[in-house]
Amino acid sequence: MNTAILNGRVIDPAAGVDRGCGVYVANGRIAAVGEPPAGFQADHTIDAKGLVVMPGMVDLCARLGEPGAEGSLKVEMRAALAGGVTGVVCPPDTDPPLDEPGLVRMLRQRSREAAGARTYPLGALTVGLRGEALAEIQTLAETGCVAFMQTRSLPHDNSVLLQAMRYARTFDLPLWLRPVEDTLAGSGVAAAGPVAGRLGLPSIPVVAETVALHTIFELQAASGARIHLCRLSSAQGIELVRQAKRSGLPVSCDVSSHHVHLIDVDIGYFDANFRLDPPLRGQRDRDAIVAGLADGTIDAICSDHAPIGIDDKLLPFGEAEPGASGLETLLPLVLKWASGAGVGLVEALAKVTASSARILGEDTGTLRTGAKADIAVFDPRAAWTVGSETLRSGGKSSPFNGYELEGQVRYTLVGGDLRFQR
């Protein structure tokens, strides 16, 4: 089907485009931006007057509930499309973990059947994510895993991590790592500081992140592996990444959209909606995240989406399941950050489109001619209130429940197929 999207403000950070014009789609690809190609006949037309037309967002971390919760994937895919997310990176901490080719094939098949966003599975770096023996990395890559990740924290044995980096370097496979040293993080549930002390919560010190980063960079220098760091949280950690980039290490990193806006004080009196992993840290850390996004130290923003059931949040703060729904709030939170920080819309949207696609090595996140026609059309001024009635995700927990946010997706296309319309 040929589709013409007319009269919108077209923004494509990858191509430096920001102007009023049309976007033309044919055979699942971008046929042209600006004027229609010769002989183009539209089967379907979208009037985007007053709306912004952008590449579909690529979310670098969103849990889909499968394998594990049967039927969850279709629900979360609807949430992704409603949020303008056309590409979802699925971490391997599923149930069971994505450490076998058969599980990856099943996830990809169910994703195709759901007709939602594109799914990019991350393979488990170690068997069962236990941090002991390497998983079948090369076989998993051939099955469709885009990279390999050790979730939660680094392996206890540094020799396992070094072996993984050397193996990945041999086959030019990227590793995604959470910079957490769990012997220092322990059973903490909040960031170390006055808030955790006042509430009597077991805490996670910043050194749990910085020690892990020092370890990663030393082993990376010895192996030459490409590393993506997932969800930085501290000012000190961001500065270490800044130094590593200046030294020439092949490293990229992201932060969650929640950490761009929130700090530990927002926990209030044990509000489990703010029980996140990594924990919310102080104002200085949040300011460092904003500065890191502005100067390019932080490459991308992800939703860190986790559809947590109500029962798992209706527990004391320290026992509640960490995580929150984020697919549908990703775009408005990026817009809110851009507005508050004085960041241009082109630069802001790059953090969830072009930069994310570059980290994945995928030909999405752009509206260039010939690219996959993954497109989101949104109203930047439309206000909506976050809550159980407005979130399509199976998880209704969000730190922004009750907040009014601006920015709402009207249309989402994946491969030229209109898969969401509000």
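Just so we're clear, the structure is a prediction, and the values are computed from it rather than from any experiment. Each chain carries its own residue numbering, running from 1 in the direction its sequence is written. Reporting of local features is limited, given that this is a predicted model, to residues whose pLDDT is at least 70; pairs of side-chain atoms are given and counted only at 80 or more, and all residues count toward the totals for whole chains, interfaces and linings. Neither water nor hydrogens contribute to the side-chain values; these are computed over all heavy atoms in the structure.

1. Focus on the environment of aspartate 295
Here is the rule we go by: Secondary structure elements follow DSSP: runs of H or I no shorter than four residues count as helices, runs of E no shorter than two count as strands, and numbering proceeds from the N terminus. Exposure classes here rest on a 1.4 Å probe applied to the protein chains alone. A residue is buried below 20% of its type maximum, exposed above 50%, and partly exposed in between. In the analysis that follows, any N or O atom pair within 3.5 Å is treated as a polar contact, provided that within protein one partner can donate a hydrogen and the other can accept it, and provided that, for residues neighboring in sequence, both atoms belong to side chains.
By secondary structure assignment, the location of aspartate 295 is in helix α10 (residues 283-295). Given the relative accessible area of 45%, aspartate 295 is considered partly exposed. Taking the C-alpha atoms as reference points, aspartate 295 and proline 380, separated by 85 residues in sequence, lie 24 Å from one another. A polar contact of 2.9 Å, which involves the side chain of aspartate 295, links it to the side chain of arginine 242.

2. Overview of the environment of alanine 168
To keep it simple, the criterion reads: Note on contacts: a residue pair qualifies if any of its non-hydrogen atoms lie within 4.5 Å across the two residues.
Considering the arrangement of structural elements, one finds alanine 168 in helix α4 (residues 158-170). Since its relative accessible area comes to 1%, alanine 168 is described here as buried. For the pair alanine 168 and glycine 71, spaced 97 residues apart in sequence, the C-alpha to C-alpha distance is 33 Å. Those residues within four positions of alanine 168 in sequence are excluded, and the remaining contacts are Leu173 and Leu175.

3. A few points about the packing of helix α8 (residues 235-246) against α10
What counts is decided by this rule: Note on geometry: axes are C-alpha line fits, over the in-contact stretch for helices, and angles between N-to-C directions span 0 to 180 degrees. For classification purposes, an angle smaller than 35 degrees is called roughly parallel, one larger than 145 roughly antiparallel, one from 65 to 115 roughly perpendicular, and anything else oblique. Any residue outside Ala, Val, Leu, Ile, Met, Phe, Trp, Tyr, Cys, Pro, Asp, Glu, Lys and Arg is labelled polar, Gly included; the first ten of those are nonpolar and the last four are charged.
Between α8 and α10, the least distance of the axes is 8 Å, while the angle of their chain directions is 25 degrees. If you check the angle between α8 and α10, you find them roughly parallel. Contacts between α8 and α10 pair Ala235, Gln236, Ile238 and Arg242 from the former with Arg284, Asp285, Ala288, Ile289, Gly292 and Asp295 from the latter. Considered class by class, the residues forming the contact of α8 with α10 number four nonpolar, two polar and four charged.

4. Side note on the sheet that holds strand β15 (residues 300-302)
What counts, and what does not: Strand pairing is assigned whenever DSSP identifies at least 2 bridges connecting the two strands.
Read from one edge of the open sheet, eight strands run β6-β7-β8-β9-β10-β13-β14-β15, paired in parallel fashion. Strands with a single pairing partner mark the edges of an open sheet, and in this sheet they are β6 (57-59) and β15. Averaged over all pairs of adjacent strands, the angle between strand axes in this sheet comes to 30 degrees, irrespective of strand direction. The pairing of strand β10 (residues 175-177) with strand β13 (residues 227-229) spans three bridges and is classified as parallel. Paired with leucine 177 across the bridge in β13 is leucine 229. In this fold helix α2 (residues 101-114) packs onto β7 (85-90) and β8 (118-124), with an angle of close to 165 degrees to the strand it touches most, β8. The sheet contacts of α4 involve β10 and β13, and relative to β10 the element is tilted by about 150 degrees.

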